[in-house]
There are 2 protein chains.
Amino acid sequence: MQIQFLGTGAGMPSKERNTSSIAFKLLEERGSIWLFDCGEATQHQILHTTVKPRKIDKIFITHLHGDHIFGLPGFLSSRSFLGGEDVLTIYGPAGLQQWIEQTLQLSKTHLTYPIEFVEVKDGIVFEDEKFTVRALSLQHVVPCFGYRIEQKPMQGELLIDKALALGVPKGPLLGQLKAGHSVKLEDGTVVESSDVTSPPQPGFTVAILGDTKYCENSIRLAQNADVVVHEATFDHSTIELAGKYGHATNTEAAKIAKEAQARHLLLNHISARFLKHDLIPFLEEAKAIFENSYLANDFSQYEWRKNELLEIE
Amino acid sequence: MQIQFLGTGAGMPSKERNTSSIAFKLLEERGSIWLFDCGEATQHQILHTTVKPRKIDKIFITHLHGDHIFGLPGFLSSRSFLGGEDVLTIYGPAGLQQWIEQTLQLSKTHLTYPIEFVEVKDGIVFEDEKFTVRALSLQHVVPCFGYRIEQKPMQGELLIDKALALGVPKGPLLGQLKAGHSVKLEDGTVVESSDVTSPPQPGFTVAILGDTKYCENSIRLAQNADVVVHEATFDHSTIELAGKYGHATNTEAAKIAKEAQARHLLLNHISARFLKHDLIPFLEEAKAIFENSYLANDFSQYEWRKNELLEIE
Ligand SMILES: [Zn+2]
Ligand SMILES: [Zn+2]
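As a starting point, this report considers the structure included with it. (Residues numbered from 1 in each chain as written. Chains lettered and ligands numbered in written order. Predicted model: local features only at pLDDT ≥ 70, side-chain atom pairs only at ≥ 80, totals over all residues. Heavy atoms only, no water.)

### Section: the coordination of the zinc ion (ligand 2)
Residues and elements named next belong to chain B.
Argument step 1. At 2.0 to 2.4 Å from the zinc ion (ligand 2) lie its protein donor atoms, namely Asp67 (OD), His68 (NE2), Asp211 (OD) and His269 (NE2).
Argument step 2. Its 4 donor atoms give the zinc ion (ligand 2) angles of 91 to 161 degrees at the centre, a pattern that matches the irregular case.
Argument step 3. Expressed as a motif, the donor residue spacing for the zinc ion (ligand 2) is D-H-x142-D-x57-H. Across the pair, exposure class does not vary: aspartate 67 and histidine 68 are buried alike. (Donors = N, O, S within 2.8 Å, 3.2 Å for Na, K, Ca; no water. Tetrahedral: all angles 85-135°; square planar, octahedral: opposite > 155°, others 65-115°. Buried < 20%, exposed > 50% of the residue type's maximum accessible area, 1.4 Å probe, protein only.)

### Section: the state of the cysteines
Residues and elements named next belong to chain A.
Argument step 1. Under the definition given, this model contains 0 disulfides over all chains.
Argument step 2. The thiol of cysteine 38 is not disulfide-bonded; the next cysteine sulfur, from cysteine 144, is found 16 Å away.
Argument step 3. The structure places no disulfide on cysteine 215, whose sulfur is separated from the nearest cysteine sulfur, that of cysteine 144, by 9.1 Å.
Argument step 4. Residue classification places cysteine 215 among the buried residues on the basis of a relative accessible area of 4%. (Disulfide = S-S within 2.5 Å.)

### Focus: the coordination of the zinc ion (ligand 1)
Residue and element names in this part refer to chain A.
Argument step 1. Asp67 (OD), His68 (NE2), Asp211 (OD) and His269 (NE2) make up the full set of protein donors to the zinc ion (ligand 1), lying at 2.0 to 2.4 Å.
Argument step 2. Sequence spacing of the donors to the zinc ion (ligand 1): D-H-x142-D-x57-H. Taken together, the positions of aspartate 67 in helix H3 (residues 66-69) and aspartate 211 in the loop between strand E12 (205-209) and helix H8 (216-222) put the pair 144 residues apart, joining distant regions of the chain. Just as aspartate 67 is buried, aspartate 211 falls in that class too. (Helix = DSSP H or I, 4+ residues; strand = E, 2+ residues; numbered from the N terminus.)

### Remarks on helix H5 (residues 96-106) of chain A
Argument step 1. Listed as buried for H5(A) are A:Leu96, A:Trp99, A:Ile100, A:Thr103, A:Leu104 and A:Leu106. Buried residues along H5(A) cover an arc of 165 degrees about the axis, so they all sit on one side. The outward face of H5(A), more than 90 degrees from its buried face, is lined by the exposed residues A:Gln98 and A:Gln105.
Argument step 2. Looking at the buried positions of H5(A), the neighbouring elements they touch are H3, helix H4 (72-81), strand E5 (88-92) and strand E6 (115-119) of chain A together with helix H3 (66-69) and helix H5 (96-106) of chain B.
Argument step 3. Two residues or fewer past H5(A), A:Lys108 is found with a positive phi of approximately 50 degrees. (Arc of directions from axis to C-beta. Contact = heavy atoms within 4.5 Å.)

### Some details on the packing of aromatic side chains
Argument step 1. In total, this model carries 30 aromatic pairs over all chains according to the counting rule given.
Argument step 2. Their ring planes at 85 degrees and their centres at 5.9 Å tell us that B:Phe24 and B:Phe36 sit as a pair that is edge-to-face. Of the two residues, B:Phe24 is situated in strand E2 (residues 21-26) and B:Phe36 in strand E3 (residues 32-36); the sequence distance between them amounts to 12 residues. There is no split in this pair, since B:Phe24 and B:Phe36 are both buried.
Argument step 3. Measuring from ring centre to ring centre gives 5.4 Å for B:Trp34 and B:Phe60, while their planes differ by 55 degrees; the resulting arrangement is tilted. With B:Trp34 in strand E3 and B:Phe60 in strand E4 (residues 56-60), this pair connects stretches of sequence that are 26 residues apart.
Argument step 4. Given a relative accessible area of 0%, B:Trp34 falls into the buried group.
Argument step 5. Linked through ring pairs, A:Phe24, A:Trp34, A:Phe36, A:Phe60, A:Tyr91, A:Phe126, A:Phe131, A:Tyr147 and A:Phe204 together constitute an aromatic cluster.
Argument step 6. Against the face of B:Phe126 rests B:Lys58, its NZ or CZ located 3.9 Å from the ring centre.
Argument step 7. B:Lys287 extends its terminal NZ or CZ atom over the ring of B:Tyr294, reaching a point 5.8 Å from the ring centre. (Phe/Tyr/Trp six-rings, centres within 6.5 Å; stacked < 30°, edge-to-face > 60°. Lys NZ or Arg CZ within 6 Å of the ring centre and 35° of its normal.)

Below, the structure written as structure tokens:
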């Protein structure tokens, strides 16, 4: 799993930071990529990455502010131009589907693939044998969601040598053991799956939160998460503005991560008011509260590898 | 007057060319800028120019394909963020107003300035004492317009020395002469305006055409124009595709300019199929038919100065 930031700004694009979008890459786990939000020019940002639009099979929208959705029509259209044929599922607040349909119709955009819409409400919005995605409402000036992505524990590996040593013959019995079932050999011996498989590996948990004030649901979504992506539109000196506009500060984001006992915090959605040299103390303020804090920049990428988070090129 | 290309691509953005938008700068003539089309990320392109969004007081949309309008919601929103307060007039085909209003409402975008919408039909869409803008339908796969912008002849300069020599006293009579009226001096002498003013200067004419096949109305709009901006999505070898998709080739654009007896042709809306080295013969093909042909690139800028067109930095 890799998290690549495509846009880390707030409100409007600047030369340094585009409006919001995150590529959540599950290429090893699912052969696909999920997008979280799709601000204007997300497709332009993608041109500077290795992301292939047709590999994106789910888009999760946190809320309907323009800096989080105005890149959707163009992205959808280009995914079609580029030969995308597989269904794309879009998760988002009420109203999103109608707007996308109206926009595609107005612009006579005929897609080469079907879109499935899921109107997000608090609770599980997606689940399969490998992943669960939960949504909870945050506190912004419009309805806004945070998402918690949980990878389910992965089955242990089959220890073939051990199985053979116990007398299990090559063939279908090995598959049953791998799948977690015990088997009975011809001589009557019972071999338990746990005898010949490594223990299940825990999956990762990532919380990606939309725009929000400091709130309880952020802590719930971030509880024990390996990675929390939290907005930090303001800093501690501008905390009144944060409250007024339904946003959080760097230190509030750090408090959320700390109270949730999360492992890593990625600060995102950074206002253009902060210049490059401001961002050093900006990050330090957060680290004073939650040591494992990092500042997201456009195109920065983090990889989850062997239970650790690494910043990669 | 200056014409700066903000996006010269076709259909979808590439690293080299953004989707369509042209800044038509009338800073000397009106203190404002007009935009022709507003593809996604037009506001991002503007960040790399001297254009100030609040100086843009009119946007003319040629047609409703996404690569010509998907940058509008973000541009409108950012013009507001950046303190624009003056009315913005948007000219475009039927359907545009409703989509913009729905989009601003969905995204809870509250603008600091009013928008005036003008639904474009064939004929004069704007006129004041200095300019006339006419629209005519082109031939694309959806309703699409071309615009002809005519600057009205500018009053000649008052030749003060000549007026004083003829006995006109300093004061209001000079103003009347400048305004084109004849005046009677105290001694009964009549002085004609034309005696003491230089002849009126002709204004410029620019035709900016939307996506279109080769068609008669393009020639009408481009008739005797100083500058014609014409799409050239295809080249002569791909002329069948051009016809199929309602587009023109480089050589068709050149024929339009030639038949219209225009003075300069700027080839725009260039498909990403043409790589950098393809564009040399691409331009040569056009020049073989119409010598004064130029290829528009993103950010290239042309200035109309002393009745000549100059490419400037
Ligand atoms: Zn935002
Ligand atoms: Zn086009």
